[in-house]
Amino acid sequence: MAAPGGTLRKRRGVGEAPRAPPAEEEPAPPARPPLRPGTFWLSRIVLLRSIALLYFVAFLVAYHQNKQLIGEKGLLPGKLYLQNVQRYFKGKINLDTLSYAPTIIWFLDWSDMDSILDYLAGLGLGISACVLVTGCANMILMAILWILYLSLVNVGQIWYSFGK
């Protein structure tokens, strides 16, 4: 099925003379940015929002269940776990301790573990909702989401150990 010859663009051959520029009376094409092949703009939008949705659901679940599972009066208190890890490494929080249980909770005050867990989950909820709604994300925001969730997972013990 061939198209009419007048509508197809023809390649300029080696022996052809260059064409004259278009006449002034022709209207200019509408000004819009061209979609170049290989930009992956749609893939980026879909992937970032999908990851943000996963983080949003994960932090929402963590916000609702952390107090009962790893809170101060939870089934396996996270504070007790961190104290045992600290005792194992002779009371020091050094590189070995951080590599055994990487969490930012090491650098926070453990006096109210429930509020720490709520703040981590709430901060993760806020950042992931921002990425999900606006679609604006960069490496720093995605790294913060990863660090926050990693902090919860490593204190979560068996409740978060499905992939270990």
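Residues numbered from 1 in each chain as written. Predicted model: local features only at pLDDT ≥ 70, side-chain atom pairs only at ≥ 80, totals over all residues. Heavy atoms only, no water.

Asker: Looking at this structure, I do not really get the packing of aromatic side chains. What am I missing?
Answerer: Two numbers describe a pair of aromatic rings. These are the distance of the centres and the angle of the planes. All told, the structure shown has 8 aromatic pairs when counted by the stated rule. Between phenylalanine 59 and tyrosine 149, the aromatic rings sit 5.6 Å apart at their centres with planes inclined by 90°, giving edge-to-face as the arrangement. Of this pair, phenylalanine 59 sits in helix α1 (residues 41–70) while tyrosine 149 sits in helix α5 (residues 139–155), placing them 90 residues apart in sequence. For phenylalanine 59, a relative accessible area of 0% corresponds to the buried category. Classification of tyrosine 149 by relative accessible area gives partly exposed; the value is 23%. Each residue in the set Tyr55, Phe59, Tyr149 and Tyr160 is aromatic and connected to the rest through ring pairs, giving one cluster. (Phe/Tyr/Trp six-rings, centres within 6.5 Å; stacked < 30°, edge-to-face > 60°. Helix = DSSP H or I, 4+ residues; strand = E, 2+ residues; numbered from the N terminus. Buried < 20%, exposed > 50% of the residue type's maximum accessible area, 1.4 Å probe, protein only.)

Asker: Explanation requested: the pattern of salt bridges in the structure shown.
Answerer: Pairing of side chains with opposite charge becomes possible as their charged atoms draw close. Summed over the entire model, instances satisfying the criterion amount to 1 salt bridge. Between aspartate 118 and lysine 67 there is a salt bridge; the shortest N-O distance is 3.1 Å. In this pair, aspartate 118 is assigned in helix α4 (residues 113–134) and lysine 67 in helix α1, connecting sequence segments 51 residues apart. According to the relative accessible area criterion, aspartate 118 is buried, its value standing at 15%. (Salt bridge = Lys/Arg side-chain N within 4 Å of Asp/Glu carboxyl O.)

Asker: Honestly, the nonpolar core in this entry has me stumped. Any pointers?
Answerer: Nonpolar side chains in soluble globular proteins tend to be buried together. One finds Phe59, Leu82, Ile105 and Met113 to be the most contacted residues of the largest nonpolar core, which totals 30 residues. Where this core is concerned, the elements lending two or more residues are α1, α2 (78–88), α4 and α5. Per-element accounting of this core gives the leading share, 8 residues, to α4. In this structure leucine 82 touches Thr103, Ile105, Trp106, Trp110, Met113 and Val155, once residues within four positions along its chain are discounted. (Core = buried A, V, L, I, M, F, W, Y, C linked by side-chain atoms within 4.5 Å. Contact = heavy atoms within 4.5 Å.)

Asker: I would appreciate a short explanation of unusual backbone geometry in the present structure.
Answerer: The phi angle of most residues is negative, glycine excepted, and most peptide bonds adopt the trans form. A positive phi angle, near 60°, is found at lysine 90, a position not held by glycine. With respect to the helices, strands and loops of the structure, lysine 90 is situated in the loop between α2 and α3 (95–100). Owing to a relative accessible area of 72%, lysine 90 belongs among the exposed residues under this scheme. Despite not being glycine, glutamine 157 shows a phi value in the positive range, around 55°. Within the secondary structure layout, glutamine 157 lies in the segment after α5. Glutamine 157 sits in the buried class, given a relative accessible area of 19%.

Asker: Got a minute to help me understand the packing of α4 against α5 in this structure?
Answerer: To describe two helices that pack against each other, one gives the angle between their axes and the distance between the axes. Look at α4 against α5: their axes get within 10 Å of each other, and the N-to-C directions meet at 150°. Considering the angle they form, α4 stands roughly antiparallel to α5. You can see that α4 and α5 cross each other, and the crossing is left-handed. When α4 is examined against α5, the residues Leu117, Leu120, Leu123, Gly124, Ile127, Ser128 and Val131 are found in contact with a partner set consisting of Leu141, Ile144, Leu145, Leu148, Ser151 and Leu152. In terms of residue class, the contact of α4 with α5 is built from 10 nonpolar, 3 polar and no charged. (Axes fitted to C-alpha atoms, helices over the stretch in contact; angles between N-to-C directions. Parallel < 35°, antiparallel > 145°, perpendicular 65-115°, else oblique. Left-handed = near helix turned anticlockwise from the far one by under 90°. Nonpolar A, V, L, I, M, F, W, Y, C, P; charged D, E, K, R; others polar.)

From the geometry alone we can't say anything about function, so treat these as descriptive.
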